[in-house]
Every structure is written in C-alpha cells, then in structure tokens.
Amino acid sequence: MPEQGPRMNGFSLGELCWLFCCPPCPSRIAAKLAFLPPEPTYTVLQPDQQQEAGAAAAGSGTPTGTGSCSLHLSERADWQYSQRELDAVEVFFSRTSRDNRLGCMFVRCAPASRYTLLFSHGNAVDLGQMCSFYIGLGSRINCNVFSYDYSGYGVSSGKPSEKNLYADIDAAWQALRTRYGVSPENIILYGQSIGTVPTVDLASRYECAAVILHSPLMSGLRVAFPDTRKTYCFDAFPSIDKISKVTSPVLVIHGTEDEVIDFSHGLAMYERCPRAVEPLWVEGAGHNDIELYAQYLERLKQFISHELPNS
C-alpha cells in the first residue's frame with residue numbers, strides 16, 4: 001500500500017516551534033503537519049450521470065455494474081482484479097455533521113462472515129488506491145470491509161482537519177450501521193497510521209467487537225518532538241489520552257524499524273489499553289511494509305477467527 005505517515009519531520013525546529021506556538025491551534029497544526037491528500041484516483045457517478053459518461057468511462061476507467069452509484073478507477077488506482085470483483089464494490093455518499101460529503105465504499109469480501117472491518121486508511125492514499133488491498137485483505141481474513149475517504153480526500157468534500165477527521169468516522173459508523181444493518185458487536189475498527197486517530201476517538205465513545213491499531217501514534221507533538229512526556233492543550237491527535245477509555249479488545253501492530261512513527265508509540269499505546277491482546281511487533285518492518293510480512297496476516301487471522309466470538 002502506498003502510504004505515508006504524518007509529515008512531521010519535514011519541518012525545521014524553528015518552523016515546528018512557530019506552528020505549535022503562534023498560535024496554538026490544533027486544527028491548523030494537524031492540517032500543516034499530517035494531511036497529504038493525493039490527486040484522486042477514482043470518480044463516483046450518480047445514476048443520472050452514468051448514461052452521459054458511459055462512453056467516455058469505457059475508455060478511461062473501469063466502472064462497476066451494481067449499486068446506485070458507479071465507481072470509475074483511473075490507472076493510478078492500480079486495480080489488480082477483474083470486473084467480477086469490482087462489481088462487489090459498492091460506493092455511495094454520506095454526509096458528516098460538519099456538512100461535508102463523504103465518499104464511502106463497501107467491499108463484500110465474505111458475505112457469510114460475522115465481522116465487517118471499518119477501515120480508516122493511512123495518509124497519501126484514497127479509496128481508489130486502497131480497494132484492491134481491501135479485497136485481498138478481506139478475502140484472506142474472512143471479513144467484509146467498509147471504508148471512507150477523509151474530508152478533502154478522494155471524492156469527499158471539505159478540507160482535512162482534526163475535527164473533520166472525527167466527524168468523518170462518525171458518519172462512516174452511522175452509515176455502516178443504518179445502511180447495512182451491521183451492529184456494533186460485529187464491527188471491527190481498523191486504523192492505520194493517521195487512521196488510528198479517528199479509530200481511537202470512536203472506540204473511546206462506542207463499544208465494538210474489537211479494535212486494530214496499525215502503526216498508531218500517541219499524539220502529533222510526540223511524533224514531532226519524541227521527548228514530549230505530557231499532552232499540551234495545543235497538541236493534535238491526543239490518542240494516548242483516549243486509549244484508556246477503549247473497552248473493546250485491542251490488537252496493536254507496529255514495525256520495530258518504523259521511520260515515520262517510532263516503535264515507542266505502538267508500545268506506549270499497547271501499555272495503556274485496558275483490554276489489549278497479544279500485540280504484533282514486526283521485527284525489522286518499517287512504516288509502509290508490515291503487510292509484506294507473513295506474520296501480519298497470521299496474527300489477524302488468529303485474532304479474528306480464534307480470539308473473538310464467531311457464532
């Protein structure tokens with residue numbers, strides 16, 4: 001997966017000090033340091049747009065044939081499957097409490113499965129780039145996958161911000177529950193990198209089947225300044241202060257050689273979890289290659305198939 005973590009280390013110490021101190025505005029810090037929305041790799045057409053765009057789309061992308069909306073992937077999405085798999089991908093729009101249009105995707109990987117992952121992806125990617133990964137992951141761990149693009153990513157409107165991040169996952173949670181009738185005890189929240197921020201926030205407020213934190217960060221300031229030992233009022237993404245409120249089982253995954261979010265973040269998050277299960281520390285893995293290690297899928301299968309109820 002082409003994913004990058006929060007872009008903290010690209011700033012000089014002076015620039016970071018200015019960002020955090022003049023003025024101390026968490027939403028501005030988050031936007032400047034953490035968000036890297038890519039050029040969209042897909043489009044979503046409403047039913048009344050599909051006939052008009054049909055001829056052009058046939059030569060420029062790959063449309064789905066089901067659902068009320070039509071998904072068209074660009075070449076940059078690097079689609080790895082056939083039309084049959086694409087037809088199992090449903091896309092639609094939801095609306096957040098901050099009045100942003102939210103692009104959502106439901107991938108039916110395992111129709112008979114009890115569980116659905118609510119996947120909050122990493123930085124610098126959108127749903128078009130992630131959908132092949134979702135199919136591969138869901139089919140291997142026997143879960144359906146529901147995902148969404150953050151405000152300002154993909155076809156989602158608005159701009160990336162910390163407040164929007166929390167509103168985005170709230171809207172995704174409600175859409176998964178109401179549109180597909182998936183109950184909380186059948187939802188596994190999965191967050192990767194920046195996606196662990198909304199995942200922890202939601203999990204601190206709602207109980208679910210389980211939580212998976214893939215390369216989590218403690219807070220924005222702690223990524224920028226590793227010696228930070230407490231949360232200041234102007235810190236962004238203070239997941240370390242929320243994780244103790246998560247009552248669902250939590251699996252933490254982190255590479256020991258992570259060059260973006262240091263391994264110490266995953267360790268600290270694990271130690272604060274009230275119901276942490278055996279973590280997965282991937283020896284030698286960095287920020288973007290954990291999925292390439294065999295123990296990644298093995299640990300997910302063990303967790304979902306044997307450590308959670310499946311009846």
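Residues numbered from 1 in each chain as written. Predicted model: local features only at pLDDT ≥ 70, side-chain atom pairs only at ≥ 80, totals over all residues. Heavy atoms only, no water.

## Digging into the environment of T196
With respect to the helices and strands, the residue T196 is situated in helix 7 (residues 196-203). Given the relative accessible area of 0%, T196 is considered buried. Sequence separation between T196 and P216 is 20 residues; the distance between their C-alpha atoms is 5.5 Å. In this structure, T196 is in contact with G191, L213, H214, S215, P216, L217 and S239, ignoring residues within four places of it in sequence. (Helix = DSSP H or I, 4+ residues; strand = E, 2+ residues; numbered from the N terminus. Buried < 20%, exposed > 50% of the residue type's maximum accessible area, 1.4 Å probe, protein only. Contact = heavy atoms within 4.5 Å.)

## With respect to the pattern of salt bridges
A pair can form between side chains of opposite charge whenever their charged atoms are brought close. Tallying each qualifying case throughout the model produces eight salt bridges. Ionic pairing is found between D99 and R95, a salt bridge with its closest N-O pair at 3.9 Å. Through salt bridges with shared partners, a single network forms among D170, D201, R205 and K242. (Salt bridge = Lys/Arg side-chain N within 4 Å of Asp/Glu carboxyl O.)

## Observations concerning the sheet that holds strand 11 (residues 280-282)
Read from one edge to the other, the open sheet built from eight strands follows the order 4-5-7-6-8-9-10-11, with strand pairing classed as mixed. Both edges of this open sheet fall to strand 4 (89-95) and strand 11, since each of them pairs with a single strand only. In this sheet, neighbouring strand axes are inclined to one another by 20° on average, regardless of whether the strands run parallel or antiparallel. As judged from the four bridges shared by strand 6 (residues 116-120) and strand 7 (residues 144-148), these two strands associate in the parallel manner. Bridge pairing links F119 to S147 in strand 7. Its contacts with the sheet put helix 7 on strand 6, strand 7, strand 8 (187-192) and strand 9 (210-214), and the angle it makes with strand 8 is roughly 145°. (Pairing = 2+ DSSP bridges. Axes fitted to C-alpha atoms, helices over the stretch in contact; angles between N-to-C directions.)

By themselves, these observations are geometric and do not establish any function.
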